Amino acid sequence: MEEKYEVIVIGAGIGGATCAALLARRGVKTLLVDKNSIPGGKAITMAKQGFRYELWPISGGPSLDSRFAQVLAELGMQSEVEILTPQEAVMMMYRSAGSDQYRGSVGPAVPTPQGPTALLEVLALQAETLPEVARLFADITQMPAQQIDQLDDVTFADFLSRYRLPTPLLSYLGMWSTIVFVVPIDALATSEAIKTFQDFTRSGAARYHSGGFGRMAEVFCQSVERNGGKVLLKTRALRIRVENGAVTGIVTDNGTFAAPIVVSNAGLQPTVLRLAGEEHFDKSYLSYVKGLIPSLGIMGIRYFLSKPFFDYPMYLTFSDSAYLDTARVAKMNAGEIPDEMVVFNVVPARYDASLAPAGKQCALVGTLCAADPELPYAEALWNKLDAMVERLWPGMHACVESSERYSTSHVSRLTRDAVVPGRGGECVGLAQIVGQCGRHKPSARAPLGGLFYVGCDAGGYGCGTHQAADSGVNVADMVMRERLVRATVR
Ligand SMILES: Cc1cc2nc3c(=O)[nH]c(=O)nc-3n(C[C@H](O)[C@H](O)[C@H](O)COP(=O)(O)OP(=O)(O)OC[C@H]3O[C@@H](n4cnc5c(N)ncnc54)[C@H](O)[C@@H]3O)c2cc1C
């Protein structure tokens, strides 16, 4: 006899785990399955030889009042994981044109009354540029929601061109766009950028979680079980079962399960094109789904160090030539690998000392690349990144006990199947670009009875993990409404 549930969630990434935890807490009989042995998806926390670490650099924004804090509170699980927002959180390092040195300044994870002093210090803006800079920040931080919604179709680069901004600030905003959304600044949708910028300005960025970033997904899974649901890890959904235009359950490599509602965290394209199957959708929806564009990828190196080399939890390095616009992405795709790039480095033990053996450290370094799991230039980019790390932090290599290189192929294997050529290794999910944001964002409710998408492809907004959690909250609300409607019209 197959087990019956009210809702099945495929995937315990941040989006799926959030959604399943909320549904179970609200009294819905929920099954959560994931193909991996640990929940967390792209934000998974691993354990090895006394270290706990994410597979790549992960840190979250907003710091305060995030979706994570709201969900923990609803689940009554605040004592299980502490939200970490250190005073000295981010070392920003900028190299201006004409200088061969990076200069750095450290900022907090939560805004202070003094304002963004670390940023202003590192950019060293000329006094005459400040009034225009102030005009931009005032416009962005105070823009009402209705006005923001009108900027779905304007790229962030075009929006910024309405101001006479100094090059260092443009370079910072280019770096911010590529690190926060992992898309080129001249494709990023301004509505998405401004909403997130407002959140970060109000509540900070650079949040982390005690026990590792992915600990949050582990706690959400515990909550599913505490509330009468079931979590099956090492269980891959092979197919979503469909009868008469509606889902009826899933077939996995660990059994068949029935439910009238299936929520998929496996990615919109894999869900439609592989799990449910093309035959259940009309041609125009299929061509829309196939044409959706993923974010870029992040690839890099994990360094395991014999001593605590880094002083801060996070490092962001940039210069005028390092952030990505579409022209620079095209050059990279043509095999022209830059010598200088944006480098993102997270040191988990600087957030939570228990994450490394005493006297050791792990540094997770990454830079941007295409989403293709079969990246042709991975080797060349790893080598240039390693050389760049040596320039940025001389002496670090002498402390390296071991290192591991990761790329988009690892991201795809861990999280989403590549069902469209060149896709699957994306860092975030669907790209937050013009044409795919705000009112153009794919609906989280599929055009197939009882099927929903959750995670970074639909239903949320914001930076990576926050977008996934936001989607988890919103899709849980949608499912509760769907359930109510079904109960009413039965
Ligand atoms: C290198 C890198 C660096 C990043 N840095 C940051 C950062 O600093 N800050 C930030 O906020 N975000 C960051 N992100 C992005 C962030 O991690 C993701 O956007 C977010 O975690 C995605 O969550 P999700 O719920 O959409 O899905 P995913 O994390 O993709 O999870 C999907 C889950 O579904 C499961 N699954 C898929 N198919 C099946 C199937 N058929 N059967 C069963 N299970 C299945 C997978 O195993 C996985 O657990 C980074 C991502 C990467 C790759």
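Nothing here was measured: the structure is a model prediction, and the numbers come from that model.

A.B. asks: Pulling in residues and values, what's your account of the nonpolar core?
C.D. replies: Membership of the largest hydrophobic core comes to 177 residues, with the highest contact counts inside it found for Phe 159, Tyr 172 and Val 263. No other element matches the eight residues that helix H1 (residues 14-25) contributes to this core. What Val 263 contacts, discounting residues up to four positions off in sequence, is Val 7, Ile 8, Val 9, Ile 10, Cys 19, Phe 452, Val 454, Val 475 and Val 479.

A.B. asks: Which residues make up the site of the ligand, and what are the values?
C.D. replies: Close to the ligand lie 33 residues; Gly 15, Asp 34, Lys 42, Ser 59 and Thr 465 are nearest. The side chain of Asp 34 places a nitrogen or oxygen atom 2.6 Å from an oxygen atom of the ligand. Between the ligand and Lys 42, the relevant distance is 2.7 Å, taken from an oxygen atom to a side-chain nitrogen or oxygen of the residue. Its free accessible area being 1,000 Å², the ligand has 98% of it covered by the protein chains. Looking at the shell around the ligand, the elements with two or more residues in it are H1, helix H15 (408-414) and helix H16 (464-489). Broken down by element, the shell around the ligand gets its largest block of residues, three residues, from H16. A class-by-class count of the residues in the shell around the ligand yields 17 nonpolar, 12 polar and four charged.

A.B. asks: Give a description of empty space enclosed by the protein that names residues and reports values.
C.D. replies: Scanning all chains against the criterion turns up one cavity of 30 Å³ or more. Taken as a whole, the largest cavity spans an internal volume of roughly 40 Å³. Around the largest cavity, the lining residues are Gln 269, Pro 270, Arg 416, Asp 417, Ala 418, Val 419, Val 420, Arg 423, Gly 424 and Glu 426. Class assignment for the residues of the lining of the largest cavity results in four nonpolar, two polar and four charged.

A.B. asks: Describe the pairing of strand E13 (residues 255-258), naming the residues involved and giving the relevant values.
C.D. replies: Relative to E13, strand E1 (residues 3-4) runs parallel, the two sharing two bridges. Bridged to Lys 4 within E13 is Ala 258. One ladder, built from four bridges, connects strand E12 (residues 246-252) with E13; its direction is antiparallel. Bridge pairing links Thr 252 to Gly 255 in E13. The antiparallel pairing of E12 with E13 creates a hairpin that spans two residues between the two strands.

A.B. asks: Lay out the sheet that holds strand E20 (residues 451-453) with the relevant residues and their values.
C.D. replies: Read across the open sheet, the five strands follow the order E10-E3-E2-E14-E20; overall the sheet is parallel. Of all strands in the sheet, those with a lone pairing partner are strand E10 (230-232) and E20, marking the two edges. Pairwise comparison of adjacent strand axes, ignoring direction, gives a mean angle of 20 degrees for this sheet. The pairing of strand E2 (residues 7-10) with strand E14 (residues 261-264) spans four bridges and is classified as parallel. Counted as the bridge partner of Val 7 is Ile 261 from E14.

A.B. asks: Go over the side chain of Arg 95 with me, naming the residues and quoting the values.
C.D. replies: One can find Arg 95 in strand E7 (residues 90-95). Looking at Arg 95, its side chain comes within polar contact range of the main-chain oxygen of Ser 99, at 2.7 Å. Among the polar contacts listed, one links the side chain of Arg 95 to the side chain of Glu 340, at a separation of 2.9 Å. For Arg 95, the contacting residues outside a window of four places in its chain are Asp 100, Gln 101, Tyr 102, Phe 318, Ser 319, Asp 320 and Glu 340.

A.B. asks: Hey, could you go over the packing of aromatic side chains for me, with residue numbers and the actual values?
C.D. replies: Think of a pair of aromatic rings as described by two things: how far the centres are apart, and how the planes are tilted against each other in angle. Under the criterion given, the structure shown has 22 aromatic pairs. With a centroid separation of 5.5 Å and an interplanar angle of 75 degrees, the aromatic rings of Trp 176 and Phe 181 are classed as edge-to-face. Taken individually, Trp 176 and Phe 181 each receive the classification buried, so the pair is uniform in this respect. Judged by centre distance (5.9 Å) and plane angle (40 degrees), the ring pair of Tyr 285 and Tyr 288 falls under tilted. Of this pair, Tyr 285 and Tyr 288 both sit in helix H11 (residues 283-291), three residues apart, which is roughly one turn of that helix.

Cut-offs used in this document
Residues numbered from 1 in each chain as written. Predicted model: local features only at pLDDT ≥ 70, side-chain atom pairs only at ≥ 80, totals over all residues. Heavy atoms only, no water. Core = buried A, V, L, I, M, F, W, Y, C linked by side-chain atoms within 4.5 Å. Buried < 20%, exposed > 50% of the residue type's maximum accessible area, 1.4 Å probe, protein only. Helix = DSSP H or I, 4+ residues; strand = E, 2+ residues; numbered from the N terminus. Contact = heavy atoms within 4.5 Å. Near = heavy atom within 4 Å. Polar contact = N/O pair within 3.5 Å; in protein donor to acceptor, adjacent residues only side chain to side chain. Areas by Shrake-Rupley, 256 points an atom, 1.4 Å probe, with all protein chains shown as cover. Nonpolar A, V, L, I, M, F, W, Y, C, P; charged D, E, K, R; others polar. 1 Å grid on protein atoms, 1.4 Å probe; cavity = no way out; pocket = protein on both sides within 12 Å on 5 of 7 lines; lining within 4 Å. Points joined across faces, edges and corners; volume = space filled by probe spheres on them. Pairing = 2+ DSSP bridges. Axes fitted to C-alpha atoms, helices over the stretch in contact; angles between N-to-C directions. Phe/Tyr/Trp six-rings, centres within 6.5 Å; stacked < 30°, edge-to-face > 60°.

Purely geometric numbers; function is a separate question.
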